[in-house]
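A structural walkthrough
Residues per chain, in single letters:
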Amino acid sequence: MNLSGWDLEKLRLRLRCRVGHALGFACPDIEDVVQETVRRFLELRRDDRLATAEAGGAFLQGICRNVIFEYRRRIFRDAPMPEGAPEPPSRTLPEADLFELREAIEEGMRQLSPRDRQVLHLFYLQEEPVERILESMSLTEANFRVVLCRAKERFRQIYQRSCNKSKAAAIG
Amino acid sequence: MGTPYHEDPIRREELIARYLLRKLDSEAADAFEAHYLACSDCFEEIRATELLICGLGGSVRQDRQNEGIRILRFARTSQLTGTSPELSVLDRIVRTPGDTRVLIDLSGVSRIDSAGLGMLMRCYTHAVQNAGVLKLLNPSSQVKRVLSMTHIDSVVPTFEDEGAALQSFQTLAPRTEAEN
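To keep things clear, this report deals only with the structure shown in the data block.

Conventions we followed
Per chain, residue numbering runs from 1 following the sequence as it is written. Chains carry letters and ligands carry numbers; both start at the beginning, A for chains and 1 for ligands, and go up in the order they are written. The predicted origin of the model limits local features to residues at a pLDDT of at least 70 and limits the giving and counting of side-chain atom pairs to 80 or more, whereas totals for whole chains, interfaces and linings rest on all residues. The helix and strand labels rest on DSSP assignments: H or I over at least four residues marks a helix, E over at least two residues marks a strand, and numbering proceeds from the N terminus. Residue burial is a threshold on neighbouring C-beta atoms within 10 Å of the residue's own C-beta, all placed from the backbone, with 20 or more meaning buried, 12 or fewer meaning exposed, and counts in between meaning partly exposed. Here the contact rule is simple: place C-beta atoms from the backbone, and any two residues whose C-beta atoms are within 7 Å are in contact. Remark: nonpolar core denotes a set of buried Ala, Val, Leu, Ile, Met, Phe, Trp, Tyr and Cys residues whose joining runs through C-beta atoms within 7 Å. Following DSSP output, two strands are said to pair if at least two bridges run between them. Place the viewer so that the strands point away; then a crossover is right-handed whenever the path from the first strand over the helix to the second strand goes clockwise. Every axis corresponds to a line fitted to the C-alpha atoms, with the helix fit spanning only the stretch in contact, and the corresponding angles, defined between N-to-C directions, vary from 0 to 180 degrees. Relative orientations are named as follows: roughly parallel for angles under 35 degrees, roughly antiparallel for angles over 145 degrees, roughly perpendicular for angles from 65 to 115 degrees, and oblique for any other angle. Helix crossings fall into two classes, left-handed where the near helix is turned counterclockwise from the far one by less than a right angle and right-handed where it is turned clockwise. For this scheme, ten residues count as nonpolar: Ala, Val, Leu, Ile, Met, Phe, Trp, Tyr, Cys and Pro. Four count as charged, namely Asp, Glu, Lys and Arg, and the remainder, Gly too, count as polar. By this rule, a helix spans an expected 1.5 Å times one less than how many residues it contains. What the arc describes is the spread of directions from the helix axis to the C-beta atoms.

1. Focus: the overall build of chain B
- Check the secondary structure of chain B and you find 7 helices and 7 strands.
- Along chain B, helices (α) and strands (β) appear in the sequence α-α-α-β-β-β-α-β-β-α-β-α-β-α when read from the amino end.
- Taken over 180 residues, chain B has a buried fraction of 33%.
- Counting contacts in chain B only where the partners sit at least 6 residues apart, residues at least 24 apart contribute 70% of the total.

The following block contains the structure:
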């Protein structure tokens, strides 16, 4: 079965996230690593080396990990030894990616009540255990689920809108 | 065997948050990556959470001027009180090593309490200890009154005009080794 242009683009989006997470979103070679992973994946797929469709994720993960290891080995072989500890990879999306989404993100944040924002802040940024958040904010688990789902739904829509733009571009 | 990632949305969110903050151990991260590379649903959740975390962390915006002055602004009307999320974001940003010329725009701050004042003073101390300087810009009347009552405005330079505030950074004489 051939992959459509949009299937390939979806694959690239996931790999970009995976590679960015490993190398940092500021790494200038993310696209090269993604492209090499896709190339190897398609080659092995063409040769029927993928046993089952369910194993696709693990298979892709294995290829991606190898490409990242090779990239790191090459970088450390070619580059002089760093004087200090290397910078940890950036944790967030790069500014360029965020630029277009900035307005949408702020609109999403404006729609959250201060209390919801505080709950989400405790959960995502302070990494408080759910039990402690429920206790400190006097919430039931059902309330907490509502806060979480409501916020996630808004941001899922923002992501889907940005995805539709990519899809339109991929289909051309 | 069913996938554990779809059983409980809260547990999945915890996992995603830990993954994005790089707090998952390598084995768990590896398994989750193998899963989301093939699962549209989980990948979509990751991206939505990523945007949400950016939004939450983005309550304080950072602009950088040519002279290495970092200006912090609040993206929306905020309170600098003990329970407000902005407090920890501000703390994290100001304590970034190397950033010691900082201007905090307080125009978006509607209320400040002892925790907020304590945070401002910690930021100020951090800057001074690192041979830097911290200044405040455009506090609202309520915040200005609190700064005045606590005499913080006599310690931390406070400005009404951004141009004047930036200018004041430029007129600072560079510190010598002896002064440090």
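2. A word on the overall build of chain A
- Per the secondary structure count, chain A includes 7 helices and 0 strands.
- Counted from the first residue to the last, chain A has its helices and strands arranged as α-α-α-α-α-α-α.
- Looking at the 172 residues of chain A, the share that counts as buried comes to 23%.
- Looking at chain A alone, contacts between residues at least 24 apart form 61% of all its contacts between residues at least 6 apart.

3. Describing unusual backbone geometry
Residue and element names in this part refer to chain B.
- Positive phi, close to 60°, is recorded for A131, a residue that is not glycine.
- Structurally, A131 can be placed in the loop between α5 (114-129) and β6 (133-137).
- Of note in the backbone geometry, H151 takes a positive phi value of approximately 60° without being a glycine.
- Judged by the 8 C-beta atoms lying within 10 Å of it, H151 is exposed.

4. Observations regarding the interface of chain B and chain A
- Each partner contributes to the interface: chain B provides 32 residues, whereas chain A provides 35 residues.
- Those elements that place two or more of their residues in the side of chain B that touches chain A are α1 (9-20), α2 (26-36) and α3 (40-57) of chain B.
- In terms of residue count, α3(B) provides more of the side of chain B that touches chain A than any other element does, 13 residues in total.

5. Some remarks on the nonpolar core
- V19(A), L120(A), Y124(A), F155(A), L51(B) and L52(B) are the most contacted members of the largest nonpolar core, which totals 40 residues.
- Counting 22 residues, the second-largest nonpolar core is a separate cluster that includes L72(B), L90(B), C123(B) and L137(B).

6. Concerning the pairing of β6(B)
Residues and elements named next belong to chain B.
- With respect to burial, β6 is a largely interior element, 4 of its 5 residues being buried.
- Sheet analysis places strand β4 (residues 101-105) next to β6, joined by 5 bridges and oriented parallel. Among the inter-strand pairings, V102 is bridged to a residue of β6, identified as L134.
- As judged from the 2 bridges shared by β6 and strand β7 (residues 158-159), these two strands associate in the parallel manner. Opposite L137, over in β7, you have F159 as the bridge partner.
- Remark: the β6/helix α6 (residues 141-149)/β7 crossover connection has right-handed handedness.

7. Structural notes on the packing of helix α1 (residues 5-23) of chain A against helix α2 (residues 30-46) of chain A
Residue and element names in this part refer to chain A.
- Running from N to C, α1 and α2 point in directions that differ by 125°, and their axes come no closer than 9 Å. When the interaxial angle is binned, α1 and α2 end up oblique. When you trace α1 past α2, the crossing you get is right-handed. In contact with L11, R12, L15, R16, V19, G20 and L23 of α1, α2 contributes I30, V33, V34, T37 and V38.
- Looking at side-chain class alone, the contact of α1 with α2 contains 8 nonpolar, 2 polar and 2 charged residues.

8. Let's talk about the environment of L136(B)
All names here are of chain B.
- Checked against the element boundaries, L136 lands in strand β6.
- Look at L136 and you get buried, because 24 C-beta atoms sit within 10 Å.
- Measuring from C-alpha to C-alpha, the distance between L136 and V156 comes to 7.1 Å, with 20 residues separating the pair along the chain.
- Excluding residues within four positions of it along the chain, L136 makes contact with I104, L106, V156 and T158.

9. Remarks on the environment of D116(A)
Residues and elements named next belong to chain A.
- Note on placement: D116 falls in helix α5 (residues 114-125).
- For D116, a count of 16 C-beta atoms within 10 Å corresponds to the partly exposed category.
- A C-alpha to C-alpha distance of 9.8 Å links D116 and V146, two positions 30 residues apart in sequence.
- What D116 contacts, discounting residues up to four positions off in sequence, is V147 and A151.

10. So, the environment of H126(B)
- Take H126(B): it is sitting in helix α5.
- Taking C-alpha positions, H126(B) is 7.9 Å from T100(B), a pair spaced 26 residues apart along the chain.

11. A short note on the pairing of strand β2 (residues 70-74) of chain B
Residue and element names in this part refer to chain B.
- Side chains R70, L72 and F74 project from β2 onto a buried face, and the interleaved I71 and R73 project onto a face without burial.
- Pairing geometry for β2 and β4, over 3 bridges, is parallel. Paired with R70 across the strands is V102, a residue of β4.

12. Considerations on α2(A)
Residues and elements named next belong to chain A.
- Taking 1.5 Å of rise per residue, the 17 residues of α2 would be expected to cover 24 Å, and the 24 Å separating its terminal C-alpha atoms lies within 8% of that figure.
- Looking at α2, one finds that the buried residues are I30, V33, V34, E36, T37 and F41. Down the axis of α2, the buried side of the element spans an arc of 165°, and every buried residue falls inside it. Opposite the packed face of α2, turned more than 90 degrees from it, sit the exposed residues R39, E43 and R46.
- D48 lies just past α2 and shows a positive phi near 55°.

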